[in-house]
Each structure stands twice: as C-alpha cells, then as structure tokens.
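What follows is the residue order along each chain.
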Amino acid sequence: MRKIGKLFNKTLVVDYNIENTLRKDIQLGVKVKNSKILIKERTNNGNTEIISKPDPPIKAIKFTATGPQTIALWDYDGLSLMYSYDGHSWNDFVEETNFNEDNIIYIKGDNPEGFNWSQFMFSNNDSLIDVEGNILYLIGESDTIEELPEDCFAYLFSGAPIKDASKLILTSTVSESCYSQTFMGCDKLVNAPKLPAINLVPHCYNAMFSGCSSLVKVPELPATTLAENCYYLMFSECTSLTTAPKLPATTLADSCYQNMFQGCTSLVSSPKLLATTLADKCYNSMFIYCTSLNHVTIYANDISATGCLSDWLTGVAATGTFENKTGITYPEGGNGIPSGWTEIKPE
C-alpha cells in the first residue's frame, strides 16, 4: 500500500493505492487543524471519496509570541478567565501565566460586564505577539452581541508588544468608550484589526491606536453615523503613518475628528473631507503637528460652528496645496489655510 499526502487550499488529499483488495475501514493517522481531509481510496472496484469534517473552531483568543513570554492582567479582581495551551484542556487563569514551549497561549472568559479598563501585560517586550480570534470570547461564548457593555475593551492591550492584530475580530456593535485606548502605546503594532462598526457612539474609538508608531496602514473606517468624540486622538502620534483612511461620513458630530491625526509626522495628505456643514470642534486640532502634511481637500460650505477649525492645520508643512471645493472664504493660518500654502478654488 502506498500513501501520498498533499495539501491544497487547506484540504489534505491522501491517495491510497491498493491492489486486489477493497478496504472499507481506513485509519489515516494524520490530522490537519481547521482543514478538510479528502481521502481517495483506489481499488480494482473503482474509487471512493470520503470528506471528513473540519475541527470545530476554538472559542478563545490566541496569542503567539516570537520567544518566551508571560501574560498577566492588571486589575484582575472580579474577572473570570481561563487559559489553555492546546485550545481543549483549560485551567483557571492565574496572576502570571507563561506561554507554552511553542510560545502560544489561548485565553477565554465569562465576563458579561466587560473588562472595564483592565489591561493585559506581557513580561518580554522583545518577544513580539500576534493575536487572533473573536474578541467577544473574552466575555462569553457568543460570536455576536446586541449590546456591548460600556468601557468593555478599553485599555485592554495598551502598551503590549503586539505586532499583528489583523486576525483579531472586533465587534460591529460599539458602546461608549468600548475601544478607548485599546492599543494605545503599542509601538510594535504593524497590522491593525478591521473596524466594522457603521453606527458609532460617543468616545467609542478614543485614542484607540494613539502612539502606535510602527503602524503604516490603518484600518478602513466605514462608519457613516458619527458621535461626539468618536475618533478623538484615534491615530495621534502614529509617526509612521503615511496615508490616512477614507472618511465617508457627511454628517458630523461635535468633536468627532478632534486631534485625530495629531503628531502624525509622516502623513502627507488629508483624506477627502466630504462634509458640507461642520459641527462644533469637529476638525479641532485634527492635523496639528503633522509636519509633513502638504495637501488638504475640503468640501465644507458652512464653517460657522464653534471651534470647528481651531488649530486644525497648526504645525503642518510650510508649503502645500489647499483644495477648497466650494470656494468659501477661510481665515489665514492654522485655523484655516496655512500661510505659504496655495489655495485652489473652483472656477
């Protein structure tokens, strides 16, 4: 009997060539996690194909480090967490828990009230971490939630040596301050998670990625309904960021973009600012100290709201282009069009 195994698109194909014998019971002795196994049995009576079921998903957050690592949780009192090294055998989380010999650990929890500003901490800042899975598994077993507790995941990974969070699944439902400062100060973060929420609430993404100085590309922001301070300081001090995300919302809220890109010293151009009517403090200090910024495109035709442009372009590049799509009059300086910039109006 000859066995040949190949992996195609997460399907393991195993050929059994059997002469003059019909085998009804086959034991592979192989296992591929989260993959289908296609068994082909070739006999003198024809071919039989059997497809096995994939392993069930592990309902937990998975942390994978590049070297030895220990995880702890600040302000742990009152929280219910468990850890596993294989996703199947579980133990109560202790104050400091080591990753396994493969530098992996799974964490899940039963915390329906959320984490309320608790923080995961790691012992080795040089051992970079990838994090993946549905973040809701930290508060229960459901993949979805109708109402997220306030402050639910605020500050959760702040300062952690996380490099890749692109496979971390965040909620499409948000609550007040739910992701405030979640990744603040994660200066190793290169790949951020997607942000699927369409309808925002006050403070939901406050300073979420503030100080993520290695972040080159940020997630899309599909939200069309904004709220007070929803993006306040969201990408401030992201000094490697060269391109801003699109901002599709046309109806703004008070302070919605305030200080959003503060200190993003590599940012060259603003996103298209599509709103025609501004809200109080909506663009306040939005691009302050973005020293490389030299191009802004704005569609506003009403800038009478209180503080809507205060210091929004203070500290940008000495020369640049200001595309004024409606032709209204702006003040000169950091509260309008910077001195030394060229204004382009419609003909």
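Cut-offs used in this document
Residues numbered from 1 in each chain as written. Predicted model: local features only at pLDDT ≥ 70, side-chain atom pairs only at ≥ 80, totals over all residues. Heavy atoms only, no water. Helix = DSSP H or I, 4+ residues; strand = E, 2+ residues; numbered from the N terminus. Buried < 20%, exposed > 50% of the residue type's maximum accessible area, 1.4 Å probe, protein only. Contact = heavy atoms within 4.5 Å. Phe/Tyr/Trp six-rings, centres within 6.5 Å; stacked < 30°, edge-to-face > 60°. Lys NZ or Arg CZ within 6 Å of the ring centre and 35° of its normal. Pairing = 2+ DSSP bridges. Salt bridge = Lys/Arg side-chain N within 4 Å of Asp/Glu carboxyl O. pLDDT = per-residue confidence, 0-100. Axes fitted to C-alpha atoms, helices over the stretch in contact; angles between N-to-C directions. Patch = residues over 30% accessible without salt bridge, like charges linked within 9 Å, V, L, I, M, F, W, Y side chains within 5 Å. Areas by Shrake-Rupley, 256 points an atom, 1.4 Å probe, with all protein chains shown as cover. Lys, Arg positive; Asp, Glu negative; His and termini not counted. Charge placed at Lys NZ, Arg CZ, Asp CG, Glu CD.

## Focus on the side chain of Ser180
Note that Ser180 resides in the loop between β13 (162-169) and β14 (269-273). Given the relative accessible area of 3%, Ser180 is considered buried. Residues in contact with Ser180, not counting those within four places in the same chain, are Trp117, Ala154, Tyr155, His203, Cys204 and Asn206.

## A closer look at the packing of aromatic side chains
Evaluation of the coordinates by the stated rule reveals 23 aromatic pairs. Taken together, a centroid distance of 5.9 Å and an interplanar angle of 15° make the contact between Phe235 and Phe261 stacked. In this pair, Phe235 is assigned in the loop between β13 and β14 and Phe261 in the loop between β13 and β14, connecting sequence segments 26 residues apart. Summarising the burial analysis for this pair, Phe235 and Phe261 share the class buried. The lysine or arginine in question, Lys108, covers the ring of Trp90, its NZ or CZ lying 4.3 Å from the ring centre.

## Considering the side chain of Asn103
Here Asn103 is to be found in the loop between β9 (96-98) and β10 (104-109). For Asn103, a relative accessible area of 16% puts it in the buried group. Setting aside residues up to four positions removed in sequence, Asn103 forms contacts with Phe63, Thr64, Ala65, Thr66, Gly67 and Pro68.

## Things to note about the sheet that holds β13
Strand order in this open sheet of six strands is β8-β7-β10-β5-β12-β13, and the pairing throughout is mixed. Bordering the open sheet on either side are β8 (91-92) and β13, each of which pairs with just one other strand. With four bridges connecting them, strand β5 (residues 61-65) and β10 associate as antiparallel partners. Note on β10: the bridge partner recorded for Thr64 is Ile104.

## Comments concerning the pattern of salt bridges
Taken as a whole and judged by the stated rule, the model has two salt bridges. For Lys188, the salt bridge goes to Asp187, with nearest N and O atoms at 3.3 Å. Using a relative accessible area of 33% as the deciding quantity, one classes Asp187 as partly exposed. Across the pair Glu323 and Lys325 runs a salt bridge whose closest N-O atoms are separated by 3.0 Å.

## What to know about the environment of Phe322
Turning to its location among the elements, Phe322 is positioned in strand β16 (residues 320-324). The spatial distance from the C-alpha of Phe322 to the C-alpha of Trp341 is 6.7 Å, given a sequence separation of 19 residues.

## Focus on the confidence of the model for the protein
On average, the protein scores 87 in pLDDT, and the residues at 70 or more come to 84%. Counting interchain partners and residues more than four positions distant, the pLDDT-below-50 stretch residues 1-43 has 92 contacts.

## Observations regarding the pairing of β5
Of the two faces of β5, the one lined by Ile61, Phe63 and Ala65 is fully buried and the one lined by Lys62 and Thr64 carries no buried residue. In this structure, β5 lies alongside strand β12 (residues 129-134), joined through four bridges in antiparallel fashion. In the sheet register, Lys62 faces β12, and the bridge partner there is Glu132.

## Some details on the sheet that holds β9
Here we have three strands laid out as an open sheet, ordered β9-β6-β11, and antiparallel in their pairing. A single partner strand is all that each edge strand has here, and the edge strands are β9 and β11 (119-122). Adjacent strand axes in the sheet meet at a mean angle of 25° when their direction is disregarded. Looking at chain direction, strand β6 (residues 70-74) and β11 are connected through four bridges and run antiparallel. Note on β11: the bridge partner recorded for Leu73 is Phe120.

## Some points on unusual backbone geometry
Look at His203: it is not a glycine, yet its phi comes out positive at around 65°. Located in the positive-phi region is Leu233, a residue other than glycine, with phi close to 60°. Considering the arrangement of structural elements, one finds Leu233 in the loop between β13 and β14.

## Looking at the environment of Lys167
Looking at the element boundaries, Lys167 is found in strand β13. Through-space distance from the C-alpha of Lys167 to that of Pro193 is 6.4 Å; in sequence the pair is 26 residues apart.

## Re a negative patch on the surface
A contiguous patch of negative charge, built from Glu146, Glu147, Glu150, Glu176, Glu228, Asp254 and Asp280, is present on the exposed surface. Tracing the sequence through the fold places Glu176 in the loop between β13 and β14. Residue class for Glu176 comes out partly exposed when judged on its relative accessible area of 34%.

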